[in-house]
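Structural features, examined
Each chain, letter by letter, is given below.
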Amino acid sequence: MTPTLDRLIASTTEIDPPLAALDLPTLRANAADLVRRAGGTPVRVASKSVRCRAVLQVALGENLTAAGGFRGIMAYSLHEAIWLARHGAQDILMGYPTADRGALAALAAEPELLNRITLMVDSDDHLDFVSAAAGTTSLRARLCIDVDASLRLGPVHIGVRRSPLREPSAVAAFAKRAAARGFAVVGVMFYEAQIAGLPDSSPPIVWMKRASTRELATRRGAVVNAVQSEVGALEIVNSGGTGSLEVSSADPVVTEVTAGSGLYVPTLFDRYRSFRPHPSLYFALSTVRRPAPGIATLFGGGYIASGPAGRSRVPAPMWPTGLKLLRNEGAGEVQTPVTGRAAADLGIGDRVWFRHAKAGELCERFTEVHLVESDGSRTAVPTYRGEGQCFG
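Since we're looking at a predicted model, the values are computed, not measured. (Residues numbered from 1 in each chain as written. Predicted model: local features only at pLDDT ≥ 70, side-chain atom pairs only at ≥ 80, totals over all residues. Heavy atoms only, no water.)

Here we look at the pattern of salt bridges
- Evaluation of the coordinates by the stated rule reveals 22 salt bridges.
- A salt bridge links Arg-355 to Asp-270; its shortest N-O distance comes to 2.8 Å. One end of the pair, Arg-355, is in strand β18 (residues 351-355); the other, Asp-270, is in the loop between α12 (261-264) and β13 (281-292), and 85 residues separate them in sequence.
- A residue is classified by how much of its surface remains accessible, and Asp-270, at 33% relative accessible area, is partly exposed.
- Members of the salt-bridge network, linked through shared partners, are Arg-44, Arg-71, Asp-91 and Glu-256. (Salt bridge = Lys/Arg side-chain N within 4 Å of Asp/Glu carboxyl O. Helix = DSSP H or I, 4+ residues; strand = E, 2+ residues; numbered from the N terminus. Buried < 20%, exposed > 50% of the residue type's maximum accessible area, 1.4 Å probe, protein only.)

Okay, here's the thing in C-alpha cells:
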C-alpha cells in the first residue's frame, strides 16, 4: 500500500462509501512536478480534469487566477467559464468552441466577462454564431484560434479530429477575417493529443511521438508568424497536456502549456516515460454481498470513462491488492463484483479502493470529495456537482 492510500484509508474509516478522497500532499507534489516539467512556461489548468473549485484553488490560489507557476484556467463549457469568472477567475481560455446561445448572450451583456473569457473558434461559422447569439455584429470578444495539431503521414491521420485549420496561410486568413469583423484575435492553440494523450507503451508509439514533435515544432512557428503578420502580437500560444509538457514548453513560440490530469493522475497516465505517476484521487465502495466463496459484490462503481470503449476505460481496484473485475460484468451501475485472492476475505461492509481511468470525470459521480492532509485531518469540499453545477 502506498503512503497516499494508507492515509486516505485511515482518515475515512467512519464515512460510509461510496466516497471519493483526495490526498493533499500528493496533489501538491503533483502540481509542483507539473510546474517543474513545464520548465518555466506557465501552466494553465484544464478544469475538465479537475471539476472542483477547491482543487482549482490549490493550484491557482483563492482568486483562481495565478500561483506558483500556474496561470489561468482552460474551461470546457462557456457556462462554466462564466460561473468561474463570477467566483473571481480573471483569465479563462475556452478549450472548445461553444454553441450555447444563452451563455454567449450573457457574455456579451457583461463587459467584465468579455475581458476575462477568451472564446475558442476555428471557422467563419463560429464567428457568425457568436455574433447572432450576442445580437450584434460589433462584439469585441476575445478569440483564440484552434489549429489542427495532428500528425499527417500521407492519407493517415494520427491524433484527434478537432480544427479544420492546419496550414499557416489558412489560419492567418481566418484570423484576418475575424479581426476585420471586430473580434480581438489574441491567441492560437495547438493540442497535440497524439503526444499528450498516449502512453509510451510501445516503440511505434514512441517513434510516432517524436515524428509528430518534429513536424509540429516547425509548423507551429510558421502558423504563429503568419497570424501575427495579420493581427499583431499574440497574447496566447497554447499547447500541450499532462503527457507532453516537456515537449510543448521546449518550443520558444509557446507562451503557455495546459495540464489538469496530472494533478489527480488517473490510470490512463500510468505508462508515460516523461514522469512517474503518483495518484492522489481514489474512490471507495462497500461490499454488500457474497454470491460465491471467491466473489465479493460491491455497491455502485460503474464509473466508466469517456473515450473508445475497452478495458482502459474501467476503474481499477487498488486495495486490497489482488482484486479484479469479472470479465462478464465489469463495473456495474448499481453493483460491481470483484474476484481474486483478496475477495474471499471481504465481509459485508468492508471497502475496496479504486482509481478512475480519467481525471475529472470521477467528480461527476460525487457531490463532495474528502481532502486529506498529511496529518490525517479531513475536509469535505463540493465538486461541481455538489455546487449544483452540471456543464456536460
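Overview of the nonpolar core
- Judged by nonpolar contacts, the single largest core of 100 residues is most densely connected at Ile-117 and Tyr-264.
- Looking at which domains feed residues into this core, each of domain 1 (24-264) and domain 2 (281-385) supplies at least three.
- By size, the runner-up hydrophobic cluster in this structure holds 10 residues, among which are Leu-5, Leu-19, Ala-21 and Val-372. (Core = buried A, V, L, I, M, F, W, Y, C linked by side-chain atoms within 4.5 Å. Domains from an automatic or database assignment.)

As for the domain arrangement of the chain
- When its domains are assigned, the chain resolves into domain 1 (24-264) and domain 2 (281-385).
- Taking only C-alpha atoms into account, the centre of domain 1 sits 32 Å from that of domain 2.
- In this complex, domain 1 contributes 18 residues to the contact, which on the side of domain 2 involves 14 residues.
- For the interface between domain 1 and domain 2, the tally reads 2 salt bridges.
- The partner of Glu-364 in a salt bridge is Arg-51, and the shortest N-O contact between them spans 2.9 Å.
- The interface formed by domain 1 and domain 2 holds 6 residue pairs in polar contact (both at pLDDT 80 or more) in total.
- Of all the elements in the fold, those that place two or more residues in the side of domain 1 that touches domain 2 are α2 (24-38), α3 (53-60), α4 (78-86) and α12.
- A breakdown of the residues in the side of domain 1 that touches domain 2 according to their chemical character gives 10 nonpolar, 3 polar and 5 charged. (Contact = heavy atoms within 4.5 Å. Polar contact = N/O pair within 3.5 Å; in protein donor to acceptor, adjacent residues only side chain to side chain. Nonpolar A, V, L, I, M, F, W, Y, C, P; charged D, E, K, R; others polar.)

A word on α3
- Every buried residue of α3 is accounted for by Arg-53, Val-55, Leu-56, Ala-59 and Leu-60. On an axial view of α3, the arc spanned by its buried residues comes to 160 degrees, and they lie on one face.
- Positive phi shows up at Gly-61, right after α3, with a value of about 90 degrees. (Arc of directions from axis to C-beta.)

Structural notes on the side chain of Thr-4
- Residue position: Thr-4 is located in helix α1 (residues 3-11).
- With sequence-adjacent residues up to four places away left out, Thr-4 is seen in contact with Asp-23, Thr-26, Pro-279, Ser-280 and Tyr-282.

Here we look at the packing of α4 against helix α5 (residues 101-109)
- For the pair α4 and α5, interaxial distance at closest approach is 9 Å and the crossing angle is 35 degrees. The element α4 and its partner α5 pack so that their crossing is left-handed. When α4 is examined against α5, the residues Leu-78, His-79 and Ile-82 are found in contact with a partner set consisting of Ala-103, Leu-104, Ala-106 and Leu-107.
- Its residues placed into classes, the contact of α4 with α5 shows 6 nonpolar, 1 polar and no charged. (Axes fitted to C-alpha atoms, helices over the stretch in contact; angles between N-to-C directions. Left-handed = near helix turned anticlockwise from the far one by under 90°.)

Side note on the state of the cysteines
- Tallying each qualifying case throughout the model produces 0 disulfides.
- With no disulfide of its own, Cys-363 lies closest to Cys-52 among cysteine sulfurs, the gap being 5.8 Å. (Disulfide = S-S within 2.5 Å.)

Focus on helix α8 (residues 168-180)
- Look at α8: 18 Å from first C-alpha to last across 13 residues, which is about the 18 Å you get at 1.5 Å a residue.
- Downstream of α8 by one or two residues, Gly-182 has phi in the positive range, about 100 degrees. (Expected span 1.5 Å × (residues − 1).)

Brief notes about the environment of Pro-266
- Topologically, Pro-266 is positioned in the loop between α12 and β13.
- Take Pro-266: its relative accessible area is 5%, and that puts it in the buried class.
- If we skip the residues at most four places from it in the chain, Pro-266 touches Ser-261, Arg-355, His-356, Ala-357, Lys-358 and Ala-359.

Description of a nonpolar patch on the surface
- A contiguous nonpolar patch, built from Leu-153, Val-156 and Trp-207 and spanning about 290 Å² of accessible area, is present on the exposed surface.
- The residue Trp-207 is located in helix α10 (residues 203-231) in this model. (Patch = residues over 30% accessible without salt bridge, like charges linked within 9 Å, V, L, I, M, F, W, Y side chains within 5 Å. Areas by Shrake-Rupley, 256 points an atom, 1.4 Å probe, with all protein chains shown as cover.)

Topic: the environment of Val-147
- Tracing the backbone shows Val-147 in strand β7 (residues 142-147).
- In this structure the C-alpha to C-alpha distance between Val-147 and Asp-128, which are 19 residues apart in sequence, comes to 19 Å.
- Not counting the four nearest positions on each side in its chain, Val-147 is found in contact with Ser-163, Leu-165, Arg-166, Val-171, Val-188, Met-189, Phe-190, Arg-219 and Val-223.

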